[in-house]
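One letter stands for each residue in the lines below.
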Amino acid sequence: MDLLNVNSITMKFGGLTAVNNFKLKVEPGELIGLIGPNGAGKTTVFNMITGLYTPTINKIYFQDKDITGVKPDKIAREGIARTFQNLRLMDNLTVIDNVMIGFHLHLKSNLVSAIFKFPGYAREEESIYGRSMELLEKVGLESYKLAKAGSLPYGQQRKLEIARALATQPKLLLLDEPAAGMNPQETRKLMKFIQKIQDDFNLTIFLIEHDMKVVMGICKRILVMDYGVTIAEGNPKEIQNSPEVIKAYLGVEANYA
Ligand SMILES: Nc1ncnc2c1ncn2[C@@H]1O[C@H](COP(=O)(O)OP(=O)(O)O)[C@@H](O)[C@H]1O
Ligand SMILES: [Mg+2]
C-alpha cells in the first residue's frame, strides 16, 4: 500500500496554473526531495496535501483514504505534519510549551478537557509534559526547555519547529525549505538531523529545498518542478544529468547569486 498517493492534481489561481498534473506515490520509509526555482509550485503542492488548498482537479489519498479538501487539523490527525517556509513558532512561549501545543493538537479530547478541567486533566497534562521533555531530549533541545522560543539561535528555532511537528506523531512529515536562511555548515548539520529523526521516529519524509546540492546528499528520489510542471524525477544522478533540469537551473541561477 502507498502511504501517499497524489493523483495528478492541478491547482489554479484565477488564470495562473500554479501546479499542473502533479503525481507522486510515496512508500513508507522514503525520504523524497522536491526541488525547483522560486515560484515553481512546490509550496502549493504541500498546501494541497495538508488541506490548506483543495486541488482544482483530482485527488489525494493517504493510506488509501481520500483526503482531498479535508480540513488541515483533520489531516494532521490522520498523520501528516508539516513545517512552513517561514518559521511559525509561538515566540513568546517557552520551548517546552511550543512542543506541548503540538501534542495538544494531536489529542483533540485534551483541548476539551483542558477547557472544562475534566478529572484526569492534570494527569494528562503531566504525561504530555513528560512526553514533550522526551521529545526535546531526542532532538537535542532539552537545555533550552525554559527559554522563550523566539530567543533561540535561528538554527535551533528551525529544529524546534520540526520537534513541534513531531509532537503530532506523524507518519508523513513535510518539510518546506527547512534550511532556508542557513549557512552551508548549518545546512549540513540540519540534513544529518533530518536523517536521524527519520530513523528515530520511523518517518516518511517529503522535503522541499531550492538548493539542488542539499537534497542530492540525502534523498534517493528527487522530483524537480518548474512553472508548475514536474520536469524530472529520479535518483540524484539522473536529476543531475537531466537536460530539462540543467536548463531550468541555469536559467534561474542569477536569482540565487
Ligand atoms: N494563494 C495564492 N493565490 C494566488 N497565487 C498563488 C497562491 N499561492 C501561490 N500562488 C502562486 O503560485 C505559484 C507557485 O507558488 P509556490 O507554490 O509558493 O512556489 P514555490 O514554493 O515553488 O516557490 C507562484 O506564482 C505564486 O505566486
Ligand atoms: Mg515555497
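An account of the accompanying structure is given in this report. (Residues numbered from 1 in each chain as written. Chains lettered and ligands numbered in written order. Predicted model: local features only at pLDDT ≥ 70, side-chain atom pairs only at ≥ 80, totals over all residues. Heavy atoms only, no water.)

Thoughts on the coordination of the magnesium ion (ligand 2)
With distances of 2.0 to 2.2 Å, the protein atoms coordinating the magnesium ion (ligand 2) are Thr 43 (OG1) and Gln 85 (OE1). Linking Thr 43 in helix α1 (residues 42-49) with Gln 85 in the loop between β6 (80-83) and α3 (95-106), this pair joins segments that are 42 residues apart in sequence. Residue Gln 85 is classed as partly exposed on the basis of its relative accessible area of 30%. (Donors = N, O, S within 2.8 Å, 3.2 Å for Na, K, Ca; no water. Helix = DSSP H or I, 4+ residues; strand = E, 2+ residues; numbered from the N terminus. Buried < 20%, exposed > 50% of the residue type's maximum accessible area, 1.4 Å probe, protein only.)

Concerning the packing of helix α5 (residues 121-139) against helix α6 (residues 154-167)
Packing of α5 against α6 brings their axes to within 10 Å, and their N-to-C directions diverge by 135 degrees. By the angle class used here, α5 and α6 are oblique. For α5 against α6, the interelement crossing comes out right-handed. For the pair formed by α5 and α6, the contact residues are Leu 135, Leu 136 and Val 139 on the first element and Lys 159, Leu 160, Ala 163, Leu 166 and Ala 167 on the second. For the contact of α5 with α6, the residue count by class is 7 nonpolar, no polar and 1 charged. (Axes fitted to C-alpha atoms, helices over the stretch in contact; angles between N-to-C directions. Parallel < 35°, antiparallel > 145°, perpendicular 65-115°, else oblique. Left-handed = near helix turned anticlockwise from the far one by under 90°. Contact = heavy atoms within 4.5 Å. Nonpolar A, V, L, I, M, F, W, Y, C, P; charged D, E, K, R; others polar.)

Comments concerning the sheet that holds strand β1 (residues 4-13)
The 4 strands lie next to each other as β2-β1-β4-β5, forming an open sheet whose pairing is antiparallel. The sheet terminates laterally at β2 (16-26) and β5 (65-66), the two strands that pair on one side only. In terms of strand pairing, β1 meets strand β4 (residues 57-62) through 5 bridges, oriented antiparallel. Directly across from Val 6, in β4, lies its bridge partner Ile 60. Contacting β1, β2 and β4, α1 crosses the sheet at an angle of about 115 degrees to β1. (Pairing = 2+ DSSP bridges.)

Here's the deal with the site of ligand 1
In the vicinity of ligand 1, the residues found are Phe 13, Leu 16, Ala 18, Pro 37, Asn 38, Gly 39, Ala 40, Gly 41, Lys 42, Thr 43, Thr 44 and Tyr 53. A distance of 3.1 Å is found between an oxygen atom of ligand 1 and a backbone nitrogen or oxygen belonging to Ala 40. Tyr 53 places a side-chain nitrogen or oxygen 2.9 Å from a nitrogen atom of ligand 1. Protein burial of ligand 1: of its 560 Å² of free accessible surface, 63% is covered by the chains. Counting residues per element, the ones that place at least two in the shell around ligand 1 are β2 and α1. Ranked by the residues each element gives to the shell around ligand 1, the list is headed by α1, at 3 residues. Among the residues forming the shell around ligand 1, the class breakdown is 6 nonpolar, 5 polar and 1 charged. (Near = heavy atom within 4 Å. Polar contact = N/O pair within 3.5 Å; in protein donor to acceptor, adjacent residues only side chain to side chain. Areas by Shrake-Rupley, 256 points an atom, 1.4 Å probe, with all protein chains shown as cover.)

Side note on the packing of aromatic side chains
This structure, assessed with the given rule, holds 2 aromatic pairs. Aromatic side chains Phe 13 and Tyr 53 sit 5.3 Å apart centroid to centroid with 80 degrees between the ring planes, which places their arrangement in the edge-to-face category. Of this pair, Phe 13 sits in strand β1 while Tyr 53 sits in the loop between α1 and β4, placing them 40 residues apart in sequence. With relative accessibility at 35%, the residue Phe 13 sits in the partly exposed group. Judged by its relative accessible area of 30%, Tyr 53 is partly exposed. When the ring of Phe 46 is compared with that of Phe 206, the centres are 5.3 Å apart and the planes differ by 55 degrees; the resulting orientation is tilted. Here Phe 46, found in helix α1, pairs with Phe 206, found in strand β8 (residues 204-209); they are 160 residues apart in sequence, far enough to count as distant. (Phe/Tyr/Trp six-rings, centres within 6.5 Å; stacked < 30°, edge-to-face > 60°.)

Quick word on the side chain of Glu 209
Summarising the element assignment, Glu 209 is placed in strand β8. As a buried residue without a salt bridge, Glu 209 has its nearest oppositely charged side chain in Arg 158, at a separation of 8.5 Å. Here Asp 211 takes part through its backbone nitrogen, which lies 3.0 Å from a polar atom of the side chain of Glu 209. If we ignore the near neighbours within four places in the chain, the residues touching Glu 209 are Leu 34, Ile 35, Gly 36, Lys 42, Glu 177, Ala 179, Met 191, Val 214 and Val 215. (Lys, Arg positive; Asp, Glu negative; His and termini not counted. Salt bridge = Lys/Arg side-chain N within 4 Å of Asp/Glu carboxyl O.)

Re α6
Each full turn of the α-helix corresponds to 3.6 residues, which orients residues three or four apart in the same direction. With 14 residues, α6 extends 20 Å from end C-alpha to end C-alpha; this agrees with the ideal 20 Å at 1.5 Å per step. Along α6, 12 of the 14 residues are buried, which leaves the element largely enclosed by surrounding structure. Every buried residue belonging to α6 is among Gly 155, Gln 157, Arg 158, Lys 159, Leu 160, Glu 161, Ile 162, Ala 163, Arg 164, Ala 165, Leu 166 and Ala 167, and all of these are buried. Positive backbone phi, approximately 55 degrees, marks Gln 169, located one or two places after α6. (Expected span 1.5 Å × (residues − 1).)

Remember, this is a structural readout, not a statement about activity or role.
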